[in-house]
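Chain residues, written in single-letter form:
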Amino acid sequence: MTCNKDLLVKIDAYYLRNDQMHIQIYQCSCCNGLWKRTTFNEIDKWLEVGEVTVAQENYIPFDQYGYYPIEYFTTDEAYYYDNTIYCGNPQETKTIHNLRCTPKTLILLEIIKEENGGCSSIKEEMYQCKKCQTKWLITEEFDTHHGYAKSAKKI
C-alpha cells in the first residue's frame, strides 16, 4: 500500500458473500487515490484500482484451509466513486483492460519485450500519456486459440 492509512477517508462500505466479506472503499486525502479494503475471516487485503485479492496461480479452493475469496477492484467500480480517474473518454479505453488514459494521447517510450512463437506472441511496451504524464506498461498477448488480449498496468 503506497498511501498512509491515516490519510484515508472511508466513502462506502458493504457486505458480500452472505455477509462474510466486508468491503470498504477509501479515498486518500493527499493524492485522491482510491483503495478497496476487503475483510474475510479477520484477514484484510488492500486493493488499488485494477488489482485482485488472489492471483490465479495462488488460488486455494473454498473447502481448504487458507481460502480467501477472489475480489476485484475494477476501473468501472472505481469510476462509480470518482469519475475523474480517466484521462479522456472512458469509452476509448475499453479495448485495453485497466487502461485509464485515452490511447490517442499515449506516446511510445520503449519496447520492453517482443516474442513470437509462431502460434502465439507477447509484446510489452512502455507508454506515457502526453496529457497527464502517467506511465503505462501495456501487454498484448496473442494465441491462435484465444485471440488477442491487451492489458495495462500503471507504473
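Residues numbered from 1 in each chain as written. Predicted model: local features only at pLDDT ≥ 70, side-chain atom pairs only at ≥ 80, totals over all residues. Heavy atoms only, no water.

Participant: Please give an account of the pattern of salt bridges that cites residues and values.
Facilitator: Between side chains of opposite charge, a pair can form as their charged atoms come close. Counted according to the given criterion, the structure contains seven salt bridges. Here E71 ties to R17 by a salt bridge, and the two come within 3.8 Å at their closest N and O atoms. Taken together, the positions of E71 in the loop between β4 (43–48) and α1 (75–81) and R17 in the loop between β1 (8–16) and β2 (21–28) put the pair 54 residues apart, joining distant regions of the chain. According to the relative accessible area criterion, R17 is partly exposed, its value standing at 36%. Across the salt bridge formed by K36 and E71, the nearest N and O atoms sit 2.8 Å from each other. (Salt bridge = Lys/Arg side-chain N within 4 Å of Asp/Glu carboxyl O. Helix = DSSP H or I, 4+ residues; strand = E, 2+ residues; numbered from the N terminus. Buried < 20%, exposed > 50% of the residue type's maximum accessible area, 1.4 Å probe, protein only.)

Participant: Now, about the packing of aromatic side chains: what can you tell me, with residues and values included?
Facilitator: The tally for this structure, following the rule as stated, stands at seven aromatic pairs. The interplanar angle of 85° and the centroid separation of 6.3 Å between the aromatic rings of Y59 and Y67 together place this pair among those described as edge-to-face. With a centroid separation of 4.6 Å and an interplanar angle of 40°, the aromatic rings of F142 and Y148 are classed as tilted. One aromatic cluster in this structure is built from F40, Y59, Y67 and Y68. (Phe/Tyr/Trp six-rings, centres within 6.5 Å; stacked < 30°, edge-to-face > 60°.)

Participant: Please give an account of unusual backbone geometry that cites residues and values.
Facilitator: Of note in the backbone geometry, R17 takes a positive phi value of approximately 55° without being a glycine. Its identity as a non-glycine residue notwithstanding, Q133 has a phi of 70°, on the positive side. Turning to its location among the elements, Q133 is positioned in the loop between β6 (120–129) and β7 (135–143). We classify Q133 as partly exposed; its relative accessible area is 47%.

Participant: Can you break down the layout of surface pockets residue by residue, with the values?
Facilitator: Roughly 940 Å³ of internal volume is contained in the largest pocket. In terms of lining residues, the largest pocket is bounded by 33 residues, among which V49, G50, R100, W136 and K154 are the most central. Of all elements in the fold, only β3 (34–40), β7 and β8 (147–154) reach the threshold of two or more residues within the lining of the largest pocket. Here the lining of the largest pocket takes four residues from β8, the largest share from any one element. By residue class, the composition of the lining of the largest pocket is 16 nonpolar, 11 polar and six charged. (1 Å grid on protein atoms, 1.4 Å probe; cavity = no way out; pocket = protein on both sides within 12 Å on 5 of 7 lines; lining within 4 Å. Points joined across faces, edges and corners; volume = space filled by probe spheres on them. Nonpolar A, V, L, I, M, F, W, Y, C, P; charged D, E, K, R; others polar.)

Participant: Tell me what's going on with the side chain of Q128, and back it up with residues and numbers.
Facilitator: Its location among the elements puts Q128 in strand β6. Given the relative accessible area of 19%, Q128 is considered buried. A distance of 3.1 Å separates a polar atom in the side chain of Q128 from the backbone oxygen of Q133. Excluding its chain neighbours within four sequence positions, the residues that come into contact with Q128 are T105, L106, I107, L109, Q133, T134 and K135. (Polar contact = N/O pair within 3.5 Å; in protein donor to acceptor, adjacent residues only side chain to side chain. Contact = heavy atoms within 4.5 Å.)

Participant: How would you summarise the state of the cysteines if you had to cite specific residues and measurements?
Facilitator: Within the structure shown, the criterion is met by zero disulfides. As a non-bridged cysteine, C30 has C28 as the owner of its nearest cysteine sulfur, 5.2 Å distant. The exposed category is assigned to C30, whose relative accessible area is 63%. (Disulfide = S-S within 2.5 Å.)

Participant: Residues and numbers for the nonpolar core, please.
Facilitator: The biggest cluster of nonpolar side chains holds 14 residues, and the ones touching the most others in it are L34, F73 and A78. Counting only elements with at least two residues in this core, the list comes to β2, β3 and α1. Here this core takes three residues from β2, the largest share from any one element. Excluding anything up to four places from it in sequence, F73 contacts I25, L34, W35, K36, L47, E48, V49, G50, E51 and A78. Counting 10 residues, the second-largest nonpolar core is a separate cluster that includes L99, C101, Y127 and A152. (Core = buried A, V, L, I, M, F, W, Y, C linked by side-chain atoms within 4.5 Å.)

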